[in-house]
Amino acid sequence: MTFKEDGAIAIAALESFAARAIAGEGPVINQPRIDELARRLDLDRLMTEGGLTGETLRLFLDTYLAASTRLHHPAYMAHQVAVPLATSAIAALVDGFTNNAMAIYEMGPAAATVERAVIDWMLRKIGWVPEPAQRVTDRSQASGGGVLTHGGSLANLTALLAARARIAPDAWENGTPEGLVIVATAGSHYSVARAAGIMGLGQKAVRHAPTDALGRIDPTKLPAFLASLRREGVTPFAVVANACATALGLYDPLREIAQVCRAECVWLHIDGAHGASALVSPKLRHLLDGVELADSLIWDAHKMLRTSILCAAVLVRDRRDLDQAFREEASYLFHDKDQPGIDFIHRTVECTKSALGLKVFCALASGGEGAIAAGIERQTELAHEAASLLRAEPGIEVAVEPQSNIVCFRLDGPDDLQIELRRRLTEAGDFYISTTEAMGRRWLRLALMNPATGLADVEHLVASLREHLAGTLTDDIG
Ligand SMILES: Cc1ncc(COP(=O)(O)O)c(C=O)c1O
């Protein structure tokens, strides 16, 4: 069998997988026991004997896809992972086949060129100045800059390393100085605390900013909070604002926070992993009002830009900060050479790096940025409609009016009930949702990522939850 023939088998299998899922066929989630699944997939024999081609490949993919979570299914409402545009998946295939490890220009000129175009597009969306073409030789000119990383967690780490490089330029050589702290919120994504751990600050160096009842940073209380940290003898070197926060999908008031950070000379990092994509929509851009005043922002393309995983951007207002984040010697890579392009390697944890930009580019270039914007607006509108529908239901409380495509609600009863309902839904496989903690309570959570999901699906979800609720009562009585 040739690549073309096996490729045709794979594409036919994927097309049928998506079409059937979109039509609502099959469980949205189905988790066989791992040993049983390994047996069904015939993994050990295939790894030993080979032969995964033609009919064997087709049968393998049937089994593999049957036990894959169906993101294309309208009942997929669980996590902030895109239903990727087919063009983005094709980009992943091209990337996988060409295998251009493009972090150095000579290993992937086309991939690096596309990454730079994507970064510049993002910088312009924020309102920052893209890099001059000759950035390597001209370091005097201030401009924005960025790099694509394998995911938002790595992007948060990279942005915080840039912040550290500004306050402690010799930290790379001498280690992180004592007493540096990051100001975030209890609802900040765990990758912020993880970055603090990796940077040697320790997770306790993440201090929780004062917030309103919904967990958004309260900028009026921020100056006093920063002052209290300084009195304690520690140095707040970065504030992390959410745009939007993972649990409730709410945006912090960025402009006001940025004004405080400027006045206090503290780096403002915006975690826009999920919500920065609203910058593409003229209708929703206001949610990130003031974004251009920040020092850094991360933006996951694999959430709302319909890009296949993984793909995130780290963007900085002044590229020189990012250029200081990493320093290294590697004589086999870094030496004087003809440089017709850009080596992104100096800005990332990764050495070998995929052609991440191609996935974003192909997602954008399929329908243009207007199509992406329309998609984000549609999902946000659906979240508002879902919240209204849920609010009108007896025995259901909605946490807050959504600002993004995330909706949190709970059925009357304790936290354990929400977990149990989600467990039952997942086991039945008819709906796939998540849960979260916010405002001291556990909520059922919908991340409405799928363009195939409609309000009727949310209605069916409510009906299903009520059935499961009745089941819990019967079981209790039994
Ligand atoms: C606000 C926020 N930041 C960071 C991340 C981490 O991104 P990734 O999963 O791409 O590492 C997430 C993931 O959901 C997130 O919601």
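Residues numbered from 1 in each chain as written. Predicted model: local features only at pLDDT ≥ 70, side-chain atom pairs only at ≥ 80, totals over all residues.

Trainee: Please give an account of the overall build of the protein that cites residues and values.
Mentor: Regarding its fold elements, the protein presents 16 helices and eleven strands. Over its C-alpha atoms the protein spans a radius of gyration of 24 Å, differing by no more than 12% from the 23 Å that the globule rule assigns to 478 residues. Along the longest, intermediate and shortest principal axes, the C-alpha atoms of the protein span 65 × 60 × 40 Å. Considering only contacts in the protein between residues 6 or more positions apart, those separated by 24 or more positions represent 73%. (Helix = DSSP H or I, 4+ residues; strand = E, 2+ residues; numbered from the N terminus. Rg over C-alpha atoms; globule rule 2.2 N^0.38 Å. Contact = placed C-beta atoms within 7 Å.)

Trainee: Run through unusual backbone geometry, naming residues and quoting values.
Mentor: A cis geometry characterises the amide bond from Ala-243 onward to Cys-244, with omega recorded as 5 degrees. Tracing the sequence through the fold places Cys-244 in the loop between β4 (235-242) and α11 (254-264). Even without glycine at this site, Cys-265 takes up a positive phi of about 55 degrees. When you line up the elements, Cys-265 lands in the loop between α11 and β5 (267-271). With 10 C-beta atoms counted inside 10 Å, the residue Cys-265 sits in the exposed group. (Buried ≥ 20, exposed ≤ 12 C-beta atoms within 10 Å, placed from the backbone.)

Trainee: Can you lay out the site of the ligand for me, pointing to particular residues and giving the numbers?
Mentor: In the vicinity of the ligand lie 13 residues, with Gly-151, Gly-152, Ser-153, His-189 and Ala-273 positioned nearest. Counting residues per element, the shell around the ligand draws most heavily on helix α7 (residues 152-167), at three residues. Among the residues forming the shell around the ligand, the class breakdown is two nonpolar, nine polar and two charged. (Near = placed C-beta within 6 Å. Nonpolar A, V, L, I, M, F, W, Y, C, P; charged D, E, K, R; others polar.)

Trainee: Give a detailed account of the domain arrangement of the protein, specifying residues and quantitative values.
Mentor: According to the domain assignment, the protein consists of domain 1 (3-73) and domain 2 (93-363). Distance between the C-alpha centres of domain 1 and domain 2: 36 Å. (Domains from an automatic or database assignment.)

Trainee: Summarise the sheet that holds β5; cite the residues concerned and give the values.
Mentor: The seven strands are arranged β1-β7-β6-β5-β4-β2-β3 in an open sheet whose pairing can be described as mixed. Taken across any chain shown, the strands that pair with only one partner, and hence form the sheet edges, are β1 (145-149) and β3 (206-208). Between one strand and the next, the sheet's axes are offset by a mean angle of 20 degrees, whatever the strand orientation. Across five bridges, the pairing between β4 and β5 is parallel. Following the sheet pairing, Ala-238 is matched in β5 by Trp-267. (Pairing = 2+ DSSP bridges. Axes fitted to C-alpha atoms, helices over the stretch in contact; angles between N-to-C directions.)

Trainee: Could you give an account of the environment of Arg-231, naming the residues involved and the relevant values?
Mentor: Residue placement: Arg-231 occurs in helix α10 (residues 222-232). C-beta crowding within 10 Å serves as the criterion here: with 8 such atoms nearby, Arg-231 is assigned to the exposed category. The sequence separation of Arg-231 and Thr-453 amounts to 222 residues, and the corresponding C-alpha distance is 51 Å.

Trainee: Describe helix α14 (residues 356-391), naming the residues involved and giving the relevant values.
Mentor: Since the α-helix turns once every 3.6 residues, residues separated by three or four places project in the same direction. For α14, built from 36 residues, the straight-helix expectation of 52 Å at 1.5 Å per residue is missed by more than 12%, its first-to-last C-alpha distance being only 40 Å. By the largest-angle criterion, Gly-368 marks the main kink of α14, which is about 100 degrees. (Expected span 1.5 Å × (residues − 1). Bend = angle between axes of the 7 residues up to and from the residue.)

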